Amino acid sequence: MTVWLITGASRGFGRLLTGAALTGGDKVVAGARDARTVTKAFPEAGNDLLAVDLDVTDAGQVAAAVDAAKDRFGRIDVLVNNAGYGLFGSVEETPDVEVRQLFDTNVFGLLNVTRAVLPVLRRQRSGHVITMSSSAGFASSAGRGMYSASKAAVEAVSEALQEELRPLGIHVTIVEPGSFRTDFLSANSARQVAVGIDDYTDTVGSLLAAIEANDGKQPGDPAAAATAIRRLVAGANPPLRLQLGSDSLRLVEGKLDLVRQESDRWRALALSTDF
């Protein structure tokens with residue numbers, strides 16, 4: 001039996017993963033801004049589900065959720081940092097206030113929850129921290145700059161965490177989904193900054209149009225992603241990064257190829273700076 005703490009559990013990957021864990025006989029602490037939405041979604045879960053009000057930007061709610069998890073189940077085996085949202089638009093036109101709000105949730109909210117859970121995992125000398133990132137966290141592009149920056153930040157944090165926690169028997173994995181048929185592209189999970197500068201119409205404007213056109217047509221099966229994450233947790237020697245979806249693999253592998261090509265092309269100049 002595994003005890004999960006999942007943030008952003010009211011919809012998308014969080015909700016599906018909550019259901020998959022419960023179906024598999026596990027226990028779940030499911031955090032959402034309104035815990036009632038989770039309770040209503042899983043009326044047959046009984047004592048296996050603990051739904052808690054959890055706004056990841058609220059340190060008090062985070063601490064209360066972790067305390068409730070310990071009181072109910074006595075431990076936490078898997079933390080899934082899933083809460084977050086998308087913000088799309090040109091770097092130049094995205095207002096500072098929206099960038100800060102994005103980072104408050106996607107970065108500082110994740111840090112709030114992770115810091116609160118880690119003392120539990122360290123005492124156990126076991127556990128698994130799952131960071132739900134994105135293929136955009138590894139490879140950015142026009143219109144995704146701010147969202148990609150928030151995900152790149154948590155990927156860097158997770159890389160460091162892996163080094164810090166591995167000696168303590170705690171795993172860390174960054175999950176990088178591609179486009180999955182959740183509500184991520186809807187207004188509930190993604191915000192857009194309108195293109196007002198004509199110079200960005202062909203780049204950022206094309207992305208925003210594609211987001212609207214592709215909502216509900218994404219190639220990824222979110223139920224299969226939830227199953228894959230459960231298999232990841234159950235397996236031995238989990239990876240630091242796991243791409244989900246063929247589009248994510250293509251994007252990540254394409255960037256790796258590009259970085260290698262550029263480093264080869266500019267190797268002489270790079271090496272010329274040593275004494």
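Just so it is clear, the model here is predicted, and its values are computed rather than measured.

Calculation notes
- Residues numbered from 1 in each chain as written.
- Predicted model: local features only at pLDDT ≥ 70, side-chain atom pairs only at ≥ 80, totals over all residues.
- Heavy atoms only, no water.
- Axes fitted to C-alpha atoms, helices over the stretch in contact; angles between N-to-C directions.
- Helix = DSSP H or I, 4+ residues; strand = E, 2+ residues; numbered from the N terminus.
- Parallel < 35°, antiparallel > 145°, perpendicular 65-115°, else oblique.
- Left-handed = near helix turned anticlockwise from the far one by under 90°.
- Contact = heavy atoms within 4.5 Å.
- Phe/Tyr/Trp six-rings, centres within 6.5 Å; stacked < 30°, edge-to-face > 60°.
- Buried < 20%, exposed > 50% of the residue type's maximum accessible area, 1.4 Å probe, protein only.
- Lys NZ or Arg CZ within 6 Å of the ring centre and 35° of its normal.
- Pairing = 2+ DSSP bridges.
- Expected span 1.5 Å × (residues − 1).
- Arc of directions from axis to C-beta.
- Nonpolar A, V, L, I, M, F, W, Y, C, P; charged D, E, K, R; others polar.

Draft legend 1. Looking closely at the packing of helix H3 (residues 59-73) against helix H4 (residues 96-124). Where H3 meets H4, the closest approach of the two axes is 9 Å, and the angle between their N-to-C directions is 30°. Judged on the interaxial angle alone, H4 and H3 are roughly parallel. By crossing handedness, the relation of H3 to H4 is classed as right-handed. Counted together, Val62, Val66 and Lys70 of H3 and Asn112, Val113, Ala116, Val117, Val120 and Arg123 of H4 form the full contact between these two elements.

Draft legend 2. Quick peek at the packing of aromatic side chains. Counting across every chain of the model gives two aromatic pairs. Look at phenylalanine 13 and phenylalanine 180: their rings are 5.4 Å apart centre to centre, the planes differ by 70°, and that puts the pair in the edge-to-face class. Of this pair, phenylalanine 13 sits in helix H1 (residues 12-23) while phenylalanine 180 is found in the loop between strand S7 (170-177) and strand S8 (190-192), placing the two residues 167 residues apart along the sequence. Neither phenylalanine 13 nor phenylalanine 180 differs from the other in exposure class; each is buried. Ring geometry for phenylalanine 88 against tyrosine 147: centres 5.6 Å apart, planes inclined by 55°, an arrangement best described as tilted. Highlighted residues: phenylalanine 88 in strand S5 (residues 86-88) and tyrosine 147 in helix H5 (residues 145-165), separated in sequence by 59 residues. Tyrosine 147 matches phenylalanine 88 in its accessibility class, with the two residues each being buried. A cation over an aromatic ring shows up here: arginine 191 above the ring of tyrosine 85, its NZ or CZ 4.1 Å from the ring centre.

Draft legend 3. Spatial organisation of unusual backbone geometry. Here the phi dihedral of arginine 125 falls at roughly 55°; this positive angle occurs in a residue that is not glycine. Inspection of the secondary structure puts arginine 125 in the loop between H4 and strand S6 (127-132). The backbone of asparagine 237 shows a phi angle near 55°, a positive value even though the residue is not glycine. In this fold, asparagine 237 is placed in the loop between helix H7 (222-234) and strand S9 (241-244).

Draft legend 4. Inspection of the environment of valine 99 at higher detail. Secondary-structure assignment places valine 99 in helix H4. Residue valine 99 is classed as buried on the basis of its relative accessible area, which comes to 17%. Considering only alpha carbons, one finds valine 99 and threonine 227, 128 residues apart in sequence, at a separation of 32 Å. Beyond its immediate sequence surroundings of up to four residues, valine 99 is in contact with Leu87, Thr94 and Met146.

Draft legend 5. Inspection of the sheet that holds strand S1 (residues 3-6) at higher detail. What the seven strands build is an open sheet, ordered S3-S2-S1-S4-S6-S7-S9; its pairing is parallel. Only two strands of the sheet have a single neighbouring strand rather than two, namely strand S3 (49-53) and S9. Taking each pair of neighbouring strands and ignoring which way they run, the sheet shows an average axis angle of 15°. Its contacts with the sheet put H3 on S1, strand S2 (27-32) and S3, and the angle it makes with S3 is roughly 165°.

Draft legend 6. Structural detail: H7. Here H7 spans 19 Å end to end across 13 residues, near enough to the 18 Å set by a 1.5 Å rise per residue. Along H7, the residues classified as buried are Pro222, Ala225, Ala226, Ile229, Leu232 and Val233. For H7, the buried positions fall inside an angular range of 115° around the axis, keeping them on one side. Exposed side chains of H7 directed beyond 90 degrees from the buried face belong to Arg231 and Ala234. Considering only its buried residues, H7 is in contact with S1, H1, strand S4 (78-81), S6, S7 and S9.

Draft legend 7. How the structure looks around the packing of H1 against H7. Running from N to C, H1 and H7 point in directions that differ by 55°, and their axes come no closer than 9 Å. Our classification of the angle between H1 and H7 gives oblique. Here the hand of the crossing between H1 and H7 comes out right-handed. Contacts from Phe13, Leu16, Leu17, Ala20 and Ala21 in H1 reach Pro222, Ala223, Ala225, Ala226, Ile229 and Arg230 in H7. Residues of the contact of H1 with H7, tallied by class, amount to 10 nonpolar, no polar and one charged.

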